[in-house]
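Fold and contact review
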Amino acid sequence: MHEVNICMITDNNYVIPTAVAMTSAVCHKNAESVYHFYLLIAGVSRFNRERLAKLAADKVKIDFIETDTAKYDQIQVKTHVPHSAALKFDLASVLNADKVLYIDGDILARCDLSEFYATGLDGFLVAAVRDMGGELKQHFHEKTGVEKYFNSGVMLLNLKEMRQENCGEKLLAAKKEHPEWRCMDQDAFNFVFKDRVKWVALKYNAMIPLYRAYGYTQQEINSFYGTDYADDGEMQSDAALIHFAGESSYRPWKVLNGTFGDLWDEYYRRSPFAGISLNRRLMVPVPAPKSVAAQTKPQPVKQFCSQKYYLFGFLPLWKRKISSNGHRVKYYLFGFIPFLKIKRK
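Residues numbered from 1 in each chain as written. Predicted model: local features only at pLDDT ≥ 70, side-chain atom pairs only at ≥ 80, totals over all residues. Heavy atoms only, no water.

Turning to helix H2 (residues 46–53), a few remarks are in order. One turn of the α-helix equals 3.6 residues, which is why residues spaced by three or four share an orientation. Every buried residue belonging to H2 is among Asn-48, Arg-51 and Leu-52, and all of these are buried. For H2, the angular spread of buried residues about the axis comes to 100°, placing them on one side. Next to the buried residues of H2 lie helix H1 (15–27), strand S2 (33–42) and strand S3 (60–66). (Buried < 20%, exposed > 50% of the residue type's maximum accessible area, 1.4 Å probe, protein only. Helix = DSSP H or I, 4+ residues; strand = E, 2+ residues; numbered from the N terminus. Arc of directions from axis to C-beta. Contact = heavy atoms within 4.5 Å.)

Structure below.
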């Protein structure tokens, strides 16, 4: 039996993506693995908490930990990341565990997490993946004075040594001393942990949507991470954790046709929040990386984007199809019987 401690942080604004991330992890859990979720919640409603609790099952434990972000309110928010992200600084003191896998709510798990969790951390405070965009585009490593810079959306943390070295206070102090840093928690983690990072493979924090947004070719990605993926498809297939990182408005819970939208919707329909309508809009398609586009023929843009609604999470109730310019909307009963068409000028 392999017990995997997993920590996530959420508020009411992020509860659905968090539930979908948890659902994806549970769906890929091996029979012998035991997942122990520690959910740090900030002002989560009773309704949302009860929904999240439905993910508990045999070999899936969920502990809710009420938190207060008041001590972080004076920290200036400079990106899409809220004050609650700074709760990561407190994990060593809040959690009764020696090791935990922290993951953000904007992530999809694609395999059992016990192999990654078994990574040895002797002498290290964290195991993490380098942030290609953070280094090459944002230059966060230069601003924080580190040689290599990791993304804090996925961190395997050595809580035992963090307690011994009083890392919580060091992280908060570093953040307060450097108001010029943009990232709510990530810069501080890199600054404090800089000599104690165990670098792990890209697949454990595959920021593929961000690679596409920045237009990186597969060759550039392979060069940065030391991988040898033949193409974007092979990289996707190997990904253990897909991360919708960055200040993107194209995340699949915000738009109908976002990157990995169909995959995210698959887990959403299996989550405790299935059937709850999402206020999503259409997006302008993001071009494929050059390395992929060069290998495939150009595909026509779809005229319509579909949104399906399910009863009890699995029974098709109705479907809405919206044209790419938003001028035409079609409604289908049970997903296939047309019953309404709207044309807007």
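In spatial order, the strands read S3-S2-S1-S4-S7-S6-S8; together these seven strands make up an open sheet with mixed pairing. Only two strands of the sheet have a single partner each, and these edge strands are S3 and strand S8 (197–199). Strand-to-strand, the axes of this sheet are offset by a mean angle of 25°, without reference to chain direction. In this structure, strand S4 (residues 99–103) lies alongside strand S7 (residues 154–158), joined through five bridges in antiparallel fashion. Looking across to S7, one finds that Leu-101 is bridged to Leu-156. (Pairing = 2+ DSSP bridges. Axes fitted to C-alpha atoms, helices over the stretch in contact; angles between N-to-C directions.)

Turning our eyes to something else, we now look at the side chain of Asp-11. Tracing the sequence through the fold places Asp-11 in strand S1 (residues 2–11). The charged side chain of Asp-11 is buried without a salt bridge, its nearest counter-charge being Arg-251 at 11 Å. A distance of 3.1 Å separates the side chain of Asp-11 from the backbone nitrogen of Asn-13, its partner in a polar contact. A distance of 3.1 Å separates a polar atom in the side chain of Asp-11 from the backbone nitrogen of Tyr-14. (Lys, Arg positive; Asp, Glu negative; His and termini not counted. Salt bridge = Lys/Arg side-chain N within 4 Å of Asp/Glu carboxyl O. Polar contact = N/O pair within 3.5 Å; in protein donor to acceptor, adjacent residues only side chain to side chain.)

Within S2, ten of the ten residues are buried, leaving the element largely enclosed by the surrounding structure. Neither face of S2 is left uncovered, since the one carrying Ser-33, Tyr-35, Phe-37, Leu-39 and Ile-41 and the one carrying Val-34, His-36, Tyr-38, Leu-40 and Ala-42 both have all their residues buried. Bridging between S1 and S2 involves ten bridges; their strand directions are parallel. Across the sheet, the residue bridging to Met-8 is Leu-39, located in S2. Traced from S1 through H1 to S2, the parallel crossover comes out right-handed. As for the winding sense of the linkage, the β-α-β connection from S2 through H2 to S3 is right-handed. (Right-handed = clockwise from strand over helix to strand, strands pointing away.)

This paragraph deals with the packing of aromatic side chains. Under the defined criterion, the tally for this structure stands at 15 aromatic pairs. Note on Phe-244 and Phe-260: the rings are 6.4 Å apart at their centroids and 80° apart in plane angle, and the pair reads as edge-to-face. Of the two residues, Phe-244 is situated in the loop between strand S9 (241–243) and helix H13 (261–269) and Phe-260 in the loop between S9 and H13; the sequence distance between them amounts to 16 residues. Neither Phe-244 nor Phe-260 differs from the other in exposure class; each is buried. (Phe/Tyr/Trp six-rings, centres within 6.5 Å; stacked < 30°, edge-to-face > 60°.)

Our next topic: the confidence of the model for the chain. Mean pLDDT over the chain stands at 86; residues scoring 70 or higher make up 80%. Counting interchain partners and residues more than four positions distant, the pLDDT-below-50 stretch residues 291–304 has 17 contacts. (pLDDT = per-residue confidence, 0-100.)

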